[in-house]
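Coordinate analysis (summary)
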Amino acid sequence: MSAPAAPSTSLAPTPGVVWRRWRGTLVVGLLVLFTAGVVAVFSGGDSGEANDPADSSLSGSLGLARLLAQEGVRVERVTSAATAAAAAEAAGGDALLLVTALSYLTPGDLRTLADAPGDRLLAGVVSPHLAPGVTAVDRARPRSREPECALPAAVKAGSAYLGGVALDGPPGAIGCYPSADGPTLVSYTHQGRRITVAGGAEFLTNLRLAEDGNAALAMNLTGARSTVVWLTAPDEPPPLAGPSGRSFEELIPAGVWWAAGQLALAVALLALWRGRRLGPVVAERLPVVVRAAETVEGRGRLYRAGRARDRASAALRAGLLDRIVPRLGLPPDSGRDAVIAAVTARTGRDGHEVAAILYGPPPADDAGLVALASTLDTLERQVKDS
Amino acid sequence: MALTGRAGLLAALGAVAVLFAPEPGLALAGIALLLLALILADLALAGAVRPLRFHRAGDSTVRLGNQARVELIVENPGSRRVRGALRDAWPPSAGAAPRHLALDVPAGEKRRLVTTLTPTRRGDREAVTVTVRSLGPLGVAARQGAHEVPWTVRVLPPFLSRKHLPSRLARLRELEGRHPALVRGQGTEFDSLREYVVGDDVRSIDWRATARRHDVVVRTWRPERDRRVLIVLDTGRTSAGRVGTAPVPLAGALPRTPPGEAAGADAVPPGWPRLDWSMDAALLLAALAARAGDRVDFLAYDRAVRAWVSGASRTELLSALVNVMAPLEAELVESDSAGMVSAVLSHAKRRCLVVLLTDLNSASLEEGLLPLLPQLSARHLVLVAAVSDPRVAAMARGRGTPELVYDAAAAERLNADRRAITARLRRHGVEVVDALPDDIAPALADAYLALKAAGRL
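In this text, all values refer to a predicted model and were calculated from it rather than measured experimentally. (Residues numbered from 1 in each chain as written. Chains lettered and ligands numbered in written order. Predicted model: local features only at pLDDT ≥ 70, side-chain atom pairs only at ≥ 80, totals over all residues. Heavy atoms only, no water.)

1. Remarks on the packing of helix α11 (residues 336-347) of chain A against helix α13 (residues 366-385) of chain A
Residues and elements named next belong to chain A. Relative orientation of the contacting elements α11 and α13 amounts to 70°, with a least axis distance of 9 Å. Looking at the two axes, α11 sits roughly perpendicular to α13. When the axes of α11 and α13 are compared, the crossing they make is left-handed. Counting all contacts with α11, which are made through V343, R346 and T347, the residues of α13 involved are L379, Q382 and V383. Grouping the amino acids of the contact of α11 with α13 by side-chain chemistry returns 3 nonpolar, 2 polar and 1 charged. (Axes fitted to C-alpha atoms, helices over the stretch in contact; angles between N-to-C directions. Helix = DSSP H or I, 4+ residues; strand = E, 2+ residues; numbered from the N terminus. Parallel < 35°, antiparallel > 145°, perpendicular 65-115°, else oblique. Left-handed = near helix turned anticlockwise from the far one by under 90°. Contact = heavy atoms within 4.5 Å. Nonpolar A, V, L, I, M, F, W, Y, C, P; charged D, E, K, R; others polar.)

2. Section: the pairing of strand β11 (residues 141-147) of chain B
A regular strand places its side chains so that they alternate between the two faces of the sheet. All names here are of chain B. Burial analysis of β11 places 6 of its 7 residues in the buried class, the great majority of the element. Judged from the 2 bridges that link them, strand β1 (residues 2-3) and β11 form a sheet pairing that is antiparallel. Of the residues in β11, the one forming a bridge with A2 is A142. Examined bridge by bridge, strand β10 (residues 130-135) and β11 share 6 bridges and lie antiparallel to one another. Across the sheet, T131 pairs through a bridge with A146, a residue of β11. (Buried < 20%, exposed > 50% of the residue type's maximum accessible area, 1.4 Å probe, protein only. Pairing = 2+ DSSP bridges.)

3. Re the domain arrangement of chain B
On domain assignment, one finds that chain B holds domain 1 (2-40), domain 2 (53-156), domain 3 (188-223) and domain 4 (228-251 + 268-453). Each of domain 1 of chain B and domain 3 of chain B has a C-alpha centre, and these two points are 102 Å apart. (Domains from an automatic or database assignment.)

4. Observations regarding the environment of R143 of chain B
All names here are of chain B. Inspection of the secondary structure puts R143 in strand β11. Here R143 falls in the partly exposed class, since its relative accessible area comes to 27%. Counting along the chain gives 124 residues from R143 to L19, while the straight-line C-alpha distance between them is 32 Å. A distance of 2.9 Å separates a polar side-chain atom of R143 from the backbone oxygen of L43. At a separation of 3.4 Å, a polar atom in the side chain of R143 contacts the main-chain carbonyl oxygen of A44. (Polar contact = N/O pair within 3.5 Å; in protein donor to acceptor, adjacent residues only side chain to side chain.)

5. Section: the confidence of the model for chain A
In the predicted model, chain A carries a mean pLDDT of 84, and 94% of its residues have values of at least 70. Note that pLDDT drops below 50 for residues 1-5 of chain A; the model gives that stretch 7 contacts with residues more than four away or on any other chain. (pLDDT = per-residue confidence, 0-100.)

6. Structural notes on the sheet that holds strand β9 (residues 227-231) of chain A
Residue and element names in this part refer to chain A. Strand order in the open sheet formed by 7 strands is β1-β9-β2-β3-β8-β7-β6, with mixed pairing between adjacent strands. Each edge of the open sheet carries a strand with a single partner, namely β1 (74-78) and β6 (174-179). Averaged over all neighbouring strand pairs, the angle between strand axes comes to 15°, with direction disregarded.

7. Things to note about the state of the cysteines
Residue and element names in this part refer to chain A. Enumeration according to the criterion identifies 1 disulfide over all chains in this entry. Here C149 pairs with C176 through a disulfide, and the sulfurs are 1.9 Å apart. As the torsion about the S-S bond is roughly 90°, the C149-C176 disulfide counts as right-handed. Within this pair, whereas C149 is found in the loop between β4 (135-145) and α5 (152-157), its partner C176 is found in strand β6, the two being separated by 27 residues in sequence. Residue C149 shares its accessibility class with C176, and that shared class is buried. (Disulfide = S-S within 2.5 Å.)

8. Here's the deal with the environment of S187 of chain A
All names here are of chain A. With respect to the helices and strands, S187 occurs in strand β7 (residues 182-190). When neighbours within four sequence positions are excluded, S187 is seen to be in contact with L151, A173, I174, R194, I195 and T196. In this structure the side chain of S187 is engaged in a polar contact, spanning 3.4 Å, whose partner is the side chain of T196.

9. What about the UniProt feature "domain: DUF4350" (unreviewed entry) in chain A?
Taking the numbering used here, the UniProt-annotated feature "domain: DUF4350" (unreviewed entry) corresponds to residues 55-222 of chain A. Split by type, residues 55-222 of chain A is 26% helix and 33% strand. Its first and last C-alpha atoms lie 18 Å apart. (UniProt positions renumbered as here; feature names shortened; annotations may be inferred.)

10. Topic: empty space enclosed by the protein
Residue and element names in this part refer to chain B. Evaluated as defined, the whole model comprises 4 cavities of 30 Å³ or more. D234, S335, S337, T358 and L365 are, among the 15 residues lining the largest cavity, the residues nearest its centre. Elements that contribute at least two residues to the lining of the largest cavity include exactly α7 (337-347), β20 (353-358) and α8 (362-367). Its residues placed into classes, the lining of the largest cavity shows 4 nonpolar, 7 polar and 4 charged. (1 Å grid on protein atoms, 1.4 Å probe; cavity = no way out; pocket = protein on both sides within 12 Å on 5 of 7 lines; lining within 4 Å. Points joined across faces, edges and corners; volume = space filled by probe spheres on them.)

11. Concerning the packing of aromatic side chains
Residue and element names in this part refer to chain A. Applying the stated criterion to the full structure yields 1 aromatic pair over all chains. The side chain of R208 reaches across the aromatic face of Y161, ending 4.0 Å from its centre. The side chain of R274 reaches across the aromatic face of W273, ending 4.7 Å from its centre. (Phe/Tyr/Trp six-rings, centres within 6.5 Å; stacked < 30°, edge-to-face > 60°. Lys NZ or Arg CZ within 6 Å of the ring centre and 35° of its normal.)

12. Some words on a nonpolar patch on the surface
Residues and elements named next belong to chain A. On the surface, a nonpolar cluster with roughly 460 Å² of combined accessible area is contributed by W19, L26, L30 and L33. Take L30: it is sitting in helix α1 (residues 15-42). The exposure class assigned to L30 is exposed, which follows from its relative accessible area of 52%. (Patch = residues over 30% accessible without salt bridge, like charges linked within 9 Å, V, L, I, M, F, W, Y side chains within 5 Å. Areas by Shrake-Rupley, 256 points an atom, 1.4 Å probe, with all protein chains shown as cover. Salt bridge = Lys/Arg side-chain N within 4 Å of Asp/Glu carboxyl O.)

13. Thoughts on the sheet that holds β20 of chain B
Residue and element names in this part refer to chain B. Taken in spatial order, the 6 strands of this open sheet run β19-β18-β15-β20-β21-β22, and their pairing is mixed. Of all the strands in the sheet, the pair left with one neighbour each is β19 (305-309) and β22 (431-435). Taking each pair of neighbouring strands and ignoring which way they run, the sheet shows an average axis angle of 15°. With 4 bridges connecting them, strand β18 (residues 295-301) and β19 associate as antiparallel partners. Paired with F298 across the bridge in β19 is V309.

14. Notes on the interface of chain A and chain B
Counting residues at the interface gives 63 residues for chain A and 81 residues for chain B. Each partner contributes to the roughly 6000 Å² buried at the junction of chain A and chain B, and carbon and sulfur atoms together form 63% of this total. Broken down residue by residue, the surface that chain A buries against chain B is led by Q262, L278 and R291 of chain A, which jointly contribute 12%. For the pair chain A and chain B, the number of links is 7 salt bridges. With a closest N to O distance of 3.1 Å, E412 of chain B and R323 of chain A form a salt bridge. Taken together, the links from chain A to chain B amount to 19 residue pairs in polar contact (both at pLDDT 80 or more). Elements with a contribution of two residues or more to the side of chain A that touches chain B: α8 (254-275), β10 (290-291), α9 (294-306), α10 (309-327) and α13 of chain A. Counting residues per element, the side of chain A that touches chain B draws most heavily on α8 of chain A, at 14 residues. Counted by class, the side of chain A that touches chain B contains 37 nonpolar, 11 polar and 15 charged residues. Sheet topology places β10 of chain A next to strand β16 (residues 241-243) of chain B; 2 bridges connect them, and they run parallel. Looking across to β16 of chain B, one finds that R291 of chain A is bridged to R242 of chain B. (Buried area = accessible area lost by both parts, 1.4 Å probe.)

See below:
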């Protein structure tokens, strides 16, 4: 074959080949990174919890906070019950406590908040501690609703985007923006303070603020006092601590983490071992596989689907005649009467019966077709055997 | 480069050491560095793959159904032993085994590795690449590289019908008069005069020669020789349909039963394409005609000439035929009958027997071949041979349920079409052989012998 001085047959790639092969992937990867960076830079603001007064995203409430500041209302963003109560105390009672999330507050936190002075606005949350006597009745679809009440703040604002839950207030409370199951905004005076509960907090968000009378309603509800103490979820959730004050993660010995890292390395090495193929995957163009009988099967299914008993019976009868006419000693183009006569003479069957079998009308149903097929078989056997 | 399971195992064992080490972070770093050092050392010490030299030897042709041996000689000119695994990659239908070969070539030596091919398809199978994985002395990492070592194995048609050849040759010898057959008739030509022996037909006595020789002399006769046979193979779409059961496993001939599908009519294996059955019949006819002293030409045609064999000597005819037949595949286009007829007319100047191996498909024949037949049959004797489908015959016997009877009616309809087209062809003076796949080769040979005996060639 080849002499010892033959050129190398190696297919091992040179650095140039590697560069040409991978530069496309490299360019695409860099493009993806660049795009991700651009999106991260220009998406703006931090995407914290909903109704965060420092959040400029669609679910945040920076817009309302700015509006309040323009009107000379101080907005204090607080993330814990203790600081909220302290801020309310500092304002000397001329404050409004705005609560949009309860899930991070413990019962102790709620009692602390309940003791703080000033008005309260609960948006999207219901709490018996902060708004005694108000209960959620049922779900209500958030949508634009009409005030239909005597609350001045609502009447001035007009329609607003409210919903979430339908509420039931204590006696003497004013219910506004009613849904089918009850009002979605309830306002009442309790122990000298104004407590307002809204079924949903969407009307406070940057997304909805410009619609309807949302901004007016939000300003009317929050701008009455000199300070708004805005309680939002904490930026970092507090760690869960065990009885001894150490969390679960702190109780695991450090060696386990390092051993897990070592195991991850082992898995990566095993993946490299199994993932390396010995040689390429070989593809091959194979000829088409089509059974020649497929057209006949398709025609059979068409007959079946169309209940074409006339065509089916005609085909079966023509096939039988093609086979038996030469056996009867007749020319291939013999007429119907000659064939009937010859078959009658050969088999001794009744002439009308033979005529009905060979030239009768198509069967009326599928059972008749099956019966005709077996009758034709019997007749063929009789002609052959006689 | 490639890693082995040992590298992963070492890393996993290292996890235990890290777990109990007083300084787990340092232990992890140490083990990772140790592994890296082992891998680098192994890679450095492994035998080089790039300078390896390869040569091939062995079979370059094989009949479908048989096995071919292809040898790969690995020469290691480097200074280190190359130990590891080698894969000689072939296309799947070449049926190469074993998949991986163990390799151990000391420095400066050669080793011979054997791959056995069991092809499942006709045609040319080309070796793809040879990939070598050369392990380091520790067995932790390996160098890997590929080489291109070309080799082609041509897979020939199996010619299974050669089992029918001896009986047909015996019939031929009877015709030829090597057995004492002094029957004079059409299709025989004067051979020689010889002395009368008891038992000869008195009608064959040549009285004029008897008068000259003072001895009773008879004439002997022999069949015509040096006639021409042109075998035309239709490689159009109708030849792609698979019929019968494949005597040799063919790629794609196994039943495709996706999970969840009921094993019914779809479980029938698709068998061999009509093309392969036709080739088998063509080979038997060619072998027989060559022995009978006729000249055999071969043409494969769909919309262009796919193969053409002409003027091959009697001894080389069969090998020439299987060689041109090997790469033929059915083209999924309608055959161009006009082109085929003009190709036949241009290639066959003198009168010959044109054996057309196609399908009795009434739609394509009526539009294609039938209007052109007079041109062909005016100058040549035409024989159309077609492979019928045993599955259609089985369907025609279906009874009992409406589904089976509807299928039987569809099959009867097809049979009626075939009979009608056969009758029309016969009216044009064309001989027709329509037989099941297993019978087509002997049936075609018998038709040829009958034509020869009748002197119609």
